[in-house]
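What follows is each chain in one-letter form.
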Amino acid sequence: MIEIKDVYKKYENSSYPALDHINLTINDGELITVLGTSGCGKTTLIKAINKLHDIDSGEIIIDHKNINDVDGVALRRTIGYVIQQVGLFPHMTIAENIATIPELLKWEKDRINKRVDELLEMIDLPKEYKNRYPRELSGGQQQRVGLVRALAADPHIVLLDEPFGAIDAITREHLQDELIRIHKNGNKIFIFVTHDLNEAFKLGDKVIIMDKGRVEQFDTPDHIKAHPATPFVKKLLGVAYD
Amino acid sequence: MEYFTQYGGEYIRLVIEHLQISLLAIIVSIIIGIVLGIVATRFNKTEKILLFLASNLRIIPSLAVLIFLVPYLGTGLMPTLVALVLLGIPPVLLNTIKGINNVPEYVVEAALGMGYDKRTLFRKIVFPLALPVIFNGIQITTTEVIASTTLAAYIGAGGLGELIMSGVGLMRFDYLWIGGLSVSAISLMAMLMLTGIRRFLRKYEV
């Protein structure tokens, strides 16, 4: 469970806070999407959760522990993190990439190898790909590897920052379906940032709509469509559904 | 050709001296260049100062540096090494800085987000990815130092420069040819060796 309590963060040179008194609770097993335009704070929010950014005030409590009291590096090894450009390490094979966090956690070799095979199966990638290098894979394949790389140590929480932003529409749909399938198979919290309304509503059990550092609405897609909470949300829906 | 039969032993001595001086200067340049380069990327101000110094140091002719050092360091090996190292550091230094800065930010971000600590991040991700560019700097330094070691002869430190100087002094073109070609040959072989090593670095190219 993630509790975000009155979190505030402002950068010196900006006219509005990046995170303006955010209050939310995310429960185990939920796939939450965070929707908003550039600069609304959605990326800052997830980076605050894994302490890549620190916050000016407020608390973030993960599984009843305030992350302030936890070492950042140790925390990040327990939270999956996927970014838009994927960031697969070009000098490592696919297997070595996937094994990154297990290696950092000093798992035994056998356990790591087994896990890598499991994960390749999860994304339908043949075993020969184990020793290939990222540049030999297509964009969609790279992104899928990026996803399982984040899942390697079986984290309870996975943060995804516009992971499918650079993918073509057809592949993106397949990846979305795959993500839903992978999420259904466990009790993990996925927090998925996107600027695409359709993606947000398709994937999210609940959607956080943000604008200028504030949460405009946080509810299920159906409720949001039926009862938009603010003019901003109304406008957002109007643009998509007219 | 008669040169070799007459002065064979002498020739080998000169070649070995040349190799020794070059190798020493190259290794020291590489170590200092890489260390300073790494330090530079950590501190903005230091980076700017070092970049400025490095770019300008290359412009000063090594011979001038050499002669300038003689009153302070005497003749022989010391001033030669200093002059050669001053020549050899900039390519490695500049390329270390460039190599490290060229590692894509998103790769670093992904690594940090996964829980790499700064030390392991540098050792396992940043440095390996910077290596191809750093190695290019090493190649440049190697060529320049091997060629410039001919200067060592000017202050009596030995090396194939002696052969070239004798050639000039005695108007013996065969000395000049042999001296010059030998230096080029050494340079070429060094380059071939380095290119061979480079092959192993292929996988680090982004």
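Since this is a predicted model, take the numbers as computed values, not measurements.

Here is what the cut-offs are and how they apply
Residues numbered from 1 in each chain as written. Chains lettered and ligands numbered in written order. Predicted model: local features only at pLDDT ≥ 70, side-chain atom pairs only at ≥ 80, totals over all residues. Heavy atoms only, no water. UniProt positions renumbered as here; feature names shortened; annotations may be inferred. Helix = DSSP H or I, 4+ residues; strand = E, 2+ residues; numbered from the N terminus. Pairing = 2+ DSSP bridges. Axes fitted to C-alpha atoms, helices over the stretch in contact; angles between N-to-C directions. Contact = heavy atoms within 4.5 Å. Phe/Tyr/Trp six-rings, centres within 6.5 Å; stacked < 30°, edge-to-face > 60°. Buried < 20%, exposed > 50% of the residue type's maximum accessible area, 1.4 Å probe, protein only. Buried area = accessible area lost by both parts, 1.4 Å probe. Salt bridge = Lys/Arg side-chain N within 4 Å of Asp/Glu carboxyl O. Polar contact = N/O pair within 3.5 Å; in protein donor to acceptor, adjacent residues only side chain to side chain. Nonpolar A, V, L, I, M, F, W, Y, C, P; charged D, E, K, R; others polar.

Engineer: Any chance you could explain the UniProt feature "transmembrane region" (unreviewed entry) in chain B here in plain terms?
Structural biologist: Residue and element names in this part refer to chain B. Mapped onto the present numbering, the UniProt feature "transmembrane region" (unreviewed entry) falls at residues 20-40, 49-70, 76-94, 125-155 and 175-194. The distance from the first to the last C-alpha atom of residues 20-40 is 30 Å, and the span holds 100% helix and 0% strand. Each end of residues 175-194 is marked by a C-alpha atom, and these two atoms are 29 Å apart; helix forms 100% of the span and strand 0%.

Engineer: Please explain the sheet that holds strand E3 (residues 31-35) of chain A as it appears in this structure.
Structural biologist: The strands making up a sheet are joined through hydrogen bonds of the backbone, oriented either antiparallel or parallel. Residue and element names in this part refer to chain A. With respect to topology, six strands assemble into an open sheet ordered E6-E7-E8-E3-E9-E10, the strand pairing being mixed. The open sheet is flanked by strand E6 (79-83) and strand E10 (214-219), the only strands paired with a single partner. Direction aside, neighbouring strands of the sheet carry axes that sit 15 degrees apart on average. Sheet topology note: the E3/strand E9 (residues 206-211) ladder contains four bridges and is parallel. If you follow Ile32 over to E9, its bridge partner there is Lys206. Against the sheet, helix H6 (residues 139-151) engages E6, strand E7 (157-161) and strand E8 (189-194), with an angle of about 165 degrees to E6.

Engineer: Looking at this structure, how should I read the packing of aromatic side chains?
Structural biologist: Here the distance between the centres and the angle between the planes together describe a pair of aromatic rings. In total, this model carries four aromatic pairs over all chains according to the counting rule given. Ring plane angle 75 degrees and centroid distance 5.9 Å describe the contact between Phe89(A) and Tyr116(B), whose orientation is recorded as edge-to-face. Taken together, the residues Phe89(A) in the loop between E6 and helix H3 (94-98) and Tyr116(B) in the loop between helix H5 (105-114) and helix H6 (118-148) connect one chain to another. A relative accessible area of 4% means that Tyr116(B) is categorised as buried.

Engineer: Where do I start with the sheet that holds strand E5 (residues 65-66) of chain A in this structure?
Structural biologist: Residues and elements named next belong to chain A. Taken together, the four strands give an open sheet; going across it, the order is E2-E1-E4-E5, and neighbouring strands pair in antiparallel fashion. Among the strands making up the open sheet, the edge pair consists of strand E2 (19-26) and E5. Both strand E1 (residues 2-9) and E2 contribute to a ladder of six bridges, which runs antiparallel. Each residue of the ladder has a partner; that of Glu3, found in E2, is Thr25. Of the strands in this sheet, E1, E2 and strand E4 (57-62) touch helix H1 (residues 42-49), which is tilted by about 60 degrees from E2.

Engineer: Looking at this model, I keep getting lost on the pairing of E9(A). Mind explaining?
Structural biologist: The two faces of a sheet get side chains in turn, since along a regular strand they alternate between them. Residues and elements named next belong to chain A. Summarising burial for E9: five of the six residues are buried, a large majority. Across five bridges, E9 lies against E10 in antiparallel orientation. Residue pairing across strands places Met210 opposite Val215, the latter belonging to E10. Count of turn residues in the E9/E10 antiparallel hairpin: two residues, of which Lys212 carries a positive phi of about 50 degrees.

Engineer: What's the story with the interface of chain A and chain B in this structure? I'm lost.
Structural biologist: A common measure of how large an interface is: the accessible area buried when the components associate. Taken together, the contact between chain A and chain B spans 23 residues of the former and 21 residues of the latter. Carbon and sulfur atoms make up 67% of the surface buried where chain A meets chain B, a total of about 1800 Å² over both sides. Its largest share of buried area at the contact with chain B, chain A owes to Phe89(A), Pro90(A) and His91(A), together 30% of the area lost on that side. Counting the contacts that link chain A with chain B gives two salt bridges. A salt bridge links Glu109(B) to Lys47(A); the nearest nitrogen and oxygen atoms lie 3.5 Å apart. At the boundary of chain A with chain B, the tally comes to five residue pairs in polar contact (both at pLDDT 80 or more). Taken together, the elements giving at least two residues each to the side of chain A that touches chain B come down to helix H2 (72-76), E6 and helix H4 (100-104) of chain A. Looking at the side of chain A that touches chain B, its residues break down into 13 nonpolar, five polar and five charged.

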